[in-house]
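Structural overview
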Amino acid sequence: MSQPLAERLRPRTLDDYIGQKHLVGQGAVLRHMIESGHISSFILWGPPGVGKTTLAQIIAHQLETPFYTLSAVTSGVKDVRDVIDRAQKGRFFNGPSPILFIDEIHRFSKSQQDSLLGAVERGIVTLIGATTENPSFEVIRPLLSRCQLYVLKPLDKDDLLTLLQRAITTDTELKERQIELKETDALLRYSGGDARKLLNILELVVQASEATPVIISDDKVVACLQQNPLAYDKDGEMHYDIISAFIKSIRGSDPDAALYWMARMIEGGEDPQFIARRMVISASEDIGLANPNALLLANAAFDTVMKIGWPEARIALAEACVYLATSPKSNSAYLGIDEALAVVRQTGNLPVPLHLRNAPTSLMKQLGYSDGYKYPHDYPGHFTQQQYMPDALQQQRIWHAQHSPAEQKIYERMVSYWGKRFEQ
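Residues numbered from 1 in each chain as written. Predicted model: local features only at pLDDT ≥ 70, side-chain atom pairs only at ≥ 80, totals over all residues. Heavy atoms only, no water.

**Re the environment of P390**
Convention followed: Put simply, DSSP H or I for four residues or longer makes a helix, DSSP E for two residues or longer makes a strand, and each gets a number counted from the N terminus. When checking whether two residues touch, look at their non-hydrogen atoms; a contact exists if any pair is within 4.5 Å.
Relative to the helices and strands, P390 is located in the loop between α20 (362-366) and α21 (405-418). Put simply, P390 and A211 are 179 residues apart on the chain and 70 Å apart in space, counted from C-alpha to C-alpha. Apart from residues lying up to four places away in sequence, P390 is in contact with L350, P351 and P353.

Given below as structure tokens:
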């Protein structure tokens, strides 16, 4: 039986590797590390199909070192210890440490991750982990501190087009079909920067075409995917597409759609912590000050998931989902912090006004630190006007209220405090 196209085209060298120029391009950090022959443990974080596993295999091949693979989905603590024991026994004197590649390392439990610590610290193995989830949430701090973190990006349009040309011109089976890429927009759109998904879609369309040559058009791609909506997805669930639909349904105040997409994720075997974490983000980003209780409820749902697990956790998730979807929406805090970051990047490290500075020593007091500061609690209503921004930004506005009922009260209070500065 023939291998899938994505496997047949898996690169064997860095020169054949497509994408991630910031990591493996000429002079980039990973390429330099590989070419020097000395690599340290690291974790690759990025969406599916961007080359995490391929990169690990290229490194092992180029360094000519033993390469062990574990899947966090199927491996337990005993499997980890067995691999470490084999790596220790098979290591040559003064030779490079064997590489232990762990796919989906975010699915490893704390005890499984703990079992890796000693071997990584003593150099028995060089750990390469791959994850689609933020390692700061899913990887224990002691292990994360022993690894570099490299972020992989979705492939851009040029990368995907390069991959398509390579597929139709170098793959033995596809060359026989004489493929012509008449249109590529649908291929690129449905792949979403995922190389594996792109090649799976291409293979599906070619297999569905009886004629030779095969003319690839947008209509043909869409028709094939409508007939086989899950065929091009590795796990039978469109992980990133569905979570996007879920979040957008909450943002759009449609509780029916939000529950539907949540049910799709539950039936697809999604990690409940992933669902809960995205709702915490949504509560902050999309609901915000229009209903501050949304963040509390989303956090409570996350805690409940951690405490009770499936299947009961679905009820807490559903409660939070409906509450978020039916809440009034505001992204003023989200826009505000982005505006503040933009101002900081543009203006640099502006000095703190003297009256706002701390004055723990007599010298600082003599220099005017804290001099003139007005303690708000000494004034009626616990407020008095004074300058809090740097001198160069005294008139800079950053947060702008969005007049939902709850936020209107905040806005009116700020106008009563600051007058014209906050009037919009």
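**Re the environment of Y417**
Here Y417 lies in helix α21. As a C-alpha pair, Y417 and F383 span 34 residues in sequence and 7.4 Å in three-dimensional space. Contact partners of Y417, with chain neighbours within four places excluded, come to G381, F383 and Q385.

**Section: the pairing of strand β3 (residues 99-103)**
Just so we agree on the cut-off: Relative accessibility under 20% of the residue-type maximum defines a buried residue, over 50% an exposed one, and the middle range a partly exposed one, all with a 1.4 Å probe and only protein chains included. Only when DSSP finds a minimum of two bridges between them are two strands counted as paired.
Of all 5 residues in β3, 4 are buried; the element is thus mostly enclosed. As defined by bridge partners, strand β2 (residues 67-71) adjoins β3 across 5 bridges and the pair is classed as parallel. Note on β3: the bridge partner recorded for T69 is F101. When β3 meets strand β4 (residues 126-131), the two strands line up parallel, connected through 5 bridges. In the sheet register, L100 faces β4, and the bridge partner there is L127.

**Comments concerning the sheet that holds β3**
What counts, and what does not: Whenever a helix is involved, its axis is fitted only over the stretch in contact; in every case the axis is a line through C-alpha atoms, and angles between N-to-C directions fall within 0 to 180 degrees.
As summarised here, the arrangement of the 5 strands in space is β2-β3-β4-β1-β5, forming an open sheet in which the pairing is parallel. The open sheet terminates on both sides in strands that have one partner only, identified here as β2 and β5 (148-151). Across the sheet, the mean angle from the axis of one strand to that of its neighbour is 20 degrees, orientation sign disregarded. Judged from the 4 bridges that link them, strand β1 (residues 42-45) and β4 form a sheet pairing that is parallel. Its bridge partner lying in β4, W45 is registered against T131. Contacting β1, β2, β3 and β4, helix α4 (residues 52-63) crosses the sheet at an angle of about 170 degrees to β3.

**Brief notes about the pattern of salt bridges**
The test is simple: Salt bridges are defined by distance alone: a side-chain nitrogen of Lys or Arg within 4 Å of a carboxyl oxygen of Asp or Glu.
Scanning the model with the defined rule gives 13 salt bridges in all. A salt bridge links E285 to R251; its shortest N-O distance comes to 3.6 Å. Pair noted here: E285 is in helix α16 (residues 272-287) and R251 is in helix α14 (residues 239-251), with a separation of 34 residues, a long-range link. The structure contains a network of salt bridges with shared partners spanning R8, D171, E173 and E203.

**Looking at the packing of aromatic side chains**
Our working definition: For this analysis, a ring pair means two rings from Phe, Tyr or Trp (six-membered ring only for Trp) whose centres lie within 6.5 Å, classed as stacked if their planes differ by under 30 degrees, edge-to-face if by over 60, and tilted for the remaining angles.
For the structure shown, the criterion picks out 6 aromatic pairs. For the pair F67 and F101, a centre-to-centre distance of 6.2 Å together with 20 degrees between the ring planes defines the contact as stacked. With a gap of 34 residues between them, F67 in strand β2 and F101 in strand β3 connect regions that are remote in the sequence. Accessibility expressed as a relative area gives 2% for F101, which makes it buried.

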